[in-house]
Amino acid sequence: MSNLSRRRGQRGFTLLELMVASMISLIVVISLGQLILVSQKAWLWGSDKVELQQNVAEAIEWMSRSVRSAHSLALVGSNDFTTYDADGNLIHRYNLETASMGVGLRLKEDYTDLVAQECVNFLVTANADTTNLTISLELQDDAGNRVAAMSSATLRNRTLEF
C-alpha cells in the first residue's frame, strides 16, 4: 500500500492533459506555418509586380530615348514604328509580334524581345503637327499582374513619315 499512496501523491500530467496540450501546440504550429506561407506569397506577388513595373518603365524610357535621338521616324501602324539616323539608316524598329509559342504578343526591338512579359497593349500616336510621339505600353506577367505606362518623346529634327 505504501506504493499506492506514493503514486497518488505524485505530481504530474495525465494522458488527457498531455494530449490537449499537444493538440493546442499543433494548432499553433500549423497556424504559424500558414502565416509564413501567406506572407511569402504576398512578398512574391509584390516582387513580381515591382519587376513588371520596372520592365514597363525601362521599355518606355528606352523607346523614348530612341525617338529623341533619332533624326526621323516612320510610323508603320498604331503599334509599329522605326527610327532612322541623319543618313536614313535604320536605328531601331519597335513592333508587336506573336510570341514564339503562338500565345500572346511580344514587344520587339529589332526582332528580339524588348521585355520578357506579354504585351497587352502597345499604341504609338503622333500629334497633329508631327512633332511629338506618344507611346503607351501595358505588360502582363504570368501571374496576371498588369502594369501600364505612357510617355511622350519629341524628335530632334521634327520630321515624321507616314
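Residues numbered from 1 in each chain as written. Predicted model: local features only at pLDDT ≥ 70, side-chain atom pairs only at ≥ 80, totals over all residues. Heavy atoms only, no water.

1. With respect to the side chain of S66
Note that S66 resides in helix α2 (residues 15–69). By relative accessible area, S66 is classed as buried at 5%. Polar side-chain contacts of S66 include one of 3.3 Å to the side chain of T83. If near-sequence neighbours (up to four positions away) are discounted, S66 is found in contact with T83, H92 and Y94. (Helix = DSSP H or I, 4+ residues; strand = E, 2+ residues; numbered from the N terminus. Buried < 20%, exposed > 50% of the residue type's maximum accessible area, 1.4 Å probe, protein only. Polar contact = N/O pair within 3.5 Å; in protein donor to acceptor, adjacent residues only side chain to side chain. Contact = heavy atoms within 4.5 Å.)

2. Observations concerning a nonpolar patch on the surface
On the surface, L16, V20, I24, V28, L32 and L35 cluster together into a nonpolar patch covering about 570 Å² of accessible area. Counting through the fold element by element, L32 comes out in helix α2. (Patch = residues over 30% accessible without salt bridge, like charges linked within 9 Å, V, L, I, M, F, W, Y side chains within 5 Å. Areas by Shrake-Rupley, 256 points an atom, 1.4 Å probe, with all protein chains shown as cover. Salt bridge = Lys/Arg side-chain N within 4 Å of Asp/Glu carboxyl O.)

3. A look at a negative patch on the surface
Residues D48, E51, E118 and D142 make up a contiguous surface patch of negative charge. Inspection of the secondary structure assignment puts D48 in helix α2. When its relative accessible area of 32% is taken as the criterion, D48 is described as partly exposed. (Lys, Arg positive; Asp, Glu negative; His and termini not counted. Charge placed at Lys NZ, Arg CZ, Asp CG, Glu CD.)

4. Regarding the nonpolar core
For soluble globular proteins, nonpolar side chains are generally found buried alongside one another. Counting residues in hydrophobic clusters, the biggest one holds 24 residues, and the most contacted among them are M63, F81, F122, L133, I135 and L137. Among the secondary structure elements, those contributing two or more residues to this core are α2, β1 (72–77), β3 (90–98), β6 (118–126), β7 (132–140) and β8 (146–154). Here the element with the most residues in this core is α2; it accounts for six residues. (Core = buried A, V, L, I, M, F, W, Y, C linked by side-chain atoms within 4.5 Å.)

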